[in-house]
Amino acid sequence: MQPFIVVRNYREDDELKCQELVRDYIMSFFKKSFYCFCFREITLQFIVITWAILFIFLGVPLAFCALCVPGCIFFLFSGTYFSFYAKAVELMKTKPNQALVAECYEPYIFRLKPNEVTYQIFMDDAPYEPSFKNKFRKKIIATVSVKSHSSIYNAAWIRFAVAPNYSFQKVAEPMFGLILKNCVQLGYQTIESTISEWQENERDFYDNLGFATRQIYHKQIIGNSLSVMKTQLTFNLRKDEALQKQN
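Before going into details, it helps to say that this report is about the structure given with it. (Residues numbered from 1 in each chain as written. Predicted model: local features only at pLDDT ≥ 70, side-chain atom pairs only at ≥ 80, totals over all residues. Heavy atoms only, no water.)

### Considering the environment of Val146
- Relative to the helices and strands, Val146 resides in strand 4 (residues 136-148).
- Judged by relative accessible area, which is 1%, Val146 ranks as buried.
- Sequence separation of Val146 and Asn9 is 137 residues, and the distance between their C-alpha atoms is 12 Å.
- The residues touching Val146, leaving out its near neighbours within four places in the chain, are Pro96, Asn97, Gln98, Ala156, Trp157, Ile158, Ile179, Cys183 and Tyr188. (Helix = DSSP H or I, 4+ residues; strand = E, 2+ residues; numbered from the N terminus. Buried < 20%, exposed > 50% of the residue type's maximum accessible area, 1.4 Å probe, protein only. Contact = heavy atoms within 4.5 Å.)

Below, the structure is given as structure tokens:
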């Protein structure tokens, strides 16, 4: 049986599943961030300074000072983890103005990896009988939400979350096309989004859609010492609407 995906409007009973999906999506970048932070210059400086304080000022034997290395790594690990988890909780609590979900229908015995399968994608509902759909297990693998921007007039924040092992571009592209039409109907002029330096696939996706870079900034992770580079992207809905009319 060929698996397929249905892109539909968000329902109230999807809340818990979407919150779990958003949490898992944000936390999927945690390991990559932690490994990168471990090899930054500030981490080595922190270890050396801690070692010097223990040995010179506190008189800790040199052999025991070596314990500051795993201690600093653990501090970095826990600080990075809780920073990402706090961001995930913040997004989980955010109530969007409008949202879509992608619900995947897969056979109960499904041994292939999602990246190895070509999924049929339907809008609103699949043209199959309910008895046929009952032969599949279904789960929400992606969601996109839109919320009004608090500081830019007639602008909206757009956020994607896609389950691990699923192709971000293949799942998000049809969802973006549908949410784009809804944003035009709601009267928005621009769509804003932010991505971090770890989101290579997402950056390619936004570039292909025609998003432009509004600004690049650094967001603090642990104090002023560790930060992550983020990019704010913008998409002009009026320009896209004008191009569609010309075509």
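### Section: the packing of helix 3 (residues 41-57) against helix 5 (residues 68-93)
- Contact geometry of helix 3 with helix 5 gives a least axis separation of 10 Å together with a crossing angle of 135 degrees. What the angle tells us is that helix 3 and helix 5 run oblique. Every pair of crossing elements has a handedness; the one defined by helix 3 and helix 5 is right-handed. Along its contact with helix 3, which presents Thr43, Phe46, Ile47, Thr50, Trp51 and Leu54, the element helix 5 presents Cys68, Val69, Cys72, Phe75 and Leu76.
- Within the contact of helix 3 with helix 5, the residues separate by chemical class into 9 nonpolar, 2 polar and no charged. (Axes fitted to C-alpha atoms, helices over the stretch in contact; angles between N-to-C directions. Parallel < 35°, antiparallel > 145°, perpendicular 65-115°, else oblique. Left-handed = near helix turned anticlockwise from the far one by under 90°. Nonpolar A, V, L, I, M, F, W, Y, C, P; charged D, E, K, R; others polar.)

### Looking at the pairing of strand 1 (residues 4-9)
- Where burial is concerned, most of strand 1 is hidden: 5 out of the 6 residues are buried.
- As paired elements, strand 1 and strand 2 (residues 98-107) share 6 bridges and run antiparallel to each other. By the bridge assignment for strand 2, Val6 is matched with Glu103. (Pairing = 2+ DSSP bridges.)

### Considerations on the environment of Ile73
- Note on placement: Ile73 falls in helix 5.
- Judged by relative accessible area, which is 28%, Ile73 ranks as partly exposed.
- Placed 13 residues apart in sequence, Ile73 and Ala86 show a C-alpha to C-alpha distance of 20 Å.
- Setting aside its immediate chain neighbours within four residues, Ile73 contacts Phe34 and Cys38.

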